[in-house]
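Okay, here's what each chain looks like letter by letter:
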Amino acid sequence: MHARTRHFIGLAFVATVAACSGTTPGAAAPAAQSSSAVVSTSASLSSSSEASSSVAQDSVTTSTSSAPVTHKIGKTGWFKDFAVTVDEVAAQLDFSDSYAVTINFTYQNLGADAATPPEASIEVNGEVQSGLFDTPTIPGAGKSTGSVAVEVTPKKNEKLTADQALDSIVLVYGDATDNQTTIPLAASAKVESVEPKTLTVAGKLVQGPLDIEVVSGTLTPSYEPGDKGKGLLDLKIKISCAPDCAASGYNTGREEFSITGPDGNSVVADQRSPYCCDAIYPGTVSDNQRNVLTFVVALPGTGKYTLKYQNASLTASGTAPATFDFTA
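On a predicted model such as this, the values are computed, not experimentally measured, just so you know.

Cut-offs used in this document
Residues numbered from 1 in each chain as written. Predicted model: local features only at pLDDT ≥ 70, side-chain atom pairs only at ≥ 80, totals over all residues. Heavy atoms only, no water. Helix = DSSP H or I, 4+ residues; strand = E, 2+ residues; numbered from the N terminus. Contact = heavy atoms within 4.5 Å. Areas by Shrake-Rupley, 256 points an atom, 1.4 Å probe, with all protein chains shown as cover. Buried < 20%, exposed > 50% of the residue type's maximum accessible area, 1.4 Å probe, protein only. Polar contact = N/O pair within 3.5 Å; in protein donor to acceptor, adjacent residues only side chain to side chain. Pairing = 2+ DSSP bridges. Axes fitted to C-alpha atoms, helices over the stretch in contact; angles between N-to-C directions. Phe/Tyr/Trp six-rings, centres within 6.5 Å; stacked < 30°, edge-to-face > 60°. Disulfide = S-S within 2.5 Å.

(A) Layout of the overall build of the protein. Scanning the protein for helices and strands turns up four helices and 21 strands. Long-range pairs, those at least 24 residues apart, make up 59% of the contacts in the protein with a sequence separation of at least 6. Carbon together with sulfur atoms contributes 53% to the accessible area of the protein, which is approximately 18500 Å² in total.

(B) Region of the structure containing the side chain of Asp278. Turning to its location among the elements, Asp278 is positioned in strand β17 (residues 277-280). Judged by its relative accessible area of 15%, Asp278 is buried. In this structure the side chain of Asp278 is engaged in a polar contact, spanning 3.0 Å, whose partner is the side chain of Arg290. What Asp278 contacts, discounting residues up to four positions off in sequence, is Tyr250, Asn251, Thr252, Ser286, Arg290 and Asn291.

(C) A look at the sheet that holds strand β4 (residues 121-124). Taken in spatial order, the four strands make up an open sheet running β5-β4-β8-β9, and their pairing is antiparallel. The open sheet is flanked by β5 (127-129) and β9 (181-184), the only strands paired with a single partner. Strand-to-strand twist of the sheet, defined as the mean angle between neighbouring strand axes without regard to direction, takes the value 35°. Sheet topology places strand β8 (residues 169-173) next to β9; four bridges connect them, and they run antiparallel. Paired with Val170 across the bridge in β9 is Pro184.

(D) Fine view of the pairing of β4. Alternating residues of β4 divide into Ile122 and Val124, all buried, and Ser121 and Glu123, none buried. Two elements, β4 and β8, share four bridges in a ladder whose sense is antiparallel. Residue pairing in the sheet places Val124 in a bridge with Ile169 of β8. Looking at chain direction, β4 and β5 are connected through three bridges and run antiparallel. Residue pairing for β5: Ile122 is matched across the bridge by Gln129.

(E) Here's a closer look at the pairing of strand β20 (residues 304-309). Burial of the side chains of β20 is restricted to one face: Tyr305, Leu307 and Tyr309 are buried, whereas none of Lys304, Thr306 and Lys308 on the reverse face is. Taken together, the four bridges between strand β15 (residues 257-260) and β20 define a ladder with antiparallel strand orientation. Counted as the bridge partner of Thr260 is Thr306 from β20. As judged from the six bridges shared by β20 and strand β21 (residues 322-327), these two strands associate in the antiparallel manner.

(F) Structural context of the packing of aromatic side chains. One pass over the structure, following the stated rule, counts seven aromatic pairs. Measuring from ring centre to ring centre gives 4.7 Å for Phe257 and Tyr309, while their planes differ by 45°; the resulting arrangement is tilted. Of the two residues, Phe257 is situated in strand β15 and Tyr309 in strand β20; the sequence distance between them amounts to 52 residues. Here Phe257 and Tyr309 have matching classes, each one buried. Residues Tyr305 and Phe326 carry aromatic rings whose centres are separated by 5.6 Å and whose planes lie at 15° to one another, so their mutual orientation is stacked.

(G) Layout of the state of the cysteines. In this structure the tally under the stated criterion is one disulfide. In this model, Cys241 is linked to Cys245 through a disulfide, with the two sulfur atoms separated by 1.9 Å. Taking the torsion about the sulfur-sulfur bond, which here is approximately 85°, the covalent link between Cys241 and Cys245 counts as right-handed. This pair shows no difference in class: Cys241 is buried, exactly as Cys245 is.

(H) Summary view of the sheet that holds β21. Spatially, the four strands line up as an open sheet ordered β16-β15-β20-β21, and their pairing is antiparallel. A single partner strand is all that each edge strand has here, and the edge strands are β16 (266-268) and β21. Direction aside, neighbouring strands of the sheet carry axes that sit 20° apart on average.

Given below as structure tokens:
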């Protein structure tokens, strides 16, 4: 081909390529630089977005992962045959500025039968708050642990700390007209409760041929509704008849037993006494778990007592009633 012809063909090819790329022959270098800048900008934005996301995630993690605040309590109260010990409490801040509080207990069953510990009324700053209890059934004389979860919410425009949330809680067992037990979680506040007492008491009442032996005793608050200020004095007894006991025997009943307390008041054995009555004959010995006399006395109930036994038929025949003094 002629050289001049090849020259024109070459120019035409260049023009065609330029037209397809939307540029002119002299603009190729700037276009390449512009494309590189777009890639660089995109990468920068992506990096910035990832960094922002990382910062946001770190911020969320920091605001929701604060360690719970824990207080050792170690306070014990008594209610309905149980010793209730608050071992430890923990408060965890949640998303709404409220505190999720967990209270851990140790329960001791003071009775002989399996039973479930009482569940407290939870008061936060004097207002009742619901809680979720985990309360086990415990064998007689056994121990076990339990817990309750409760939420403590600050009042409007109030800034509440974990320590303040925990200190605001009081556990209340029983109603206002009962012998209540209150266990405040604040370290400076005292437990209000009456501890049951096991009495060291042993002695004998003798009226004629009837022997009544006092074996043991306890003094506890009464947890019957409305019995605020009243306690229960329980005396375990054993009854037998002397060798010269009449063949016809003697009837005995709880109404024949009375007690005079430190306040000077005398009361007959209460109907809630496990002991009811017996027919005692020569050779008879009445000695079992139900032989417990219960007397309702004024709290605190400590001091000198006089137990009296008066069998109606023996008294009518001229035999004086029997008495026994002891101290609680």
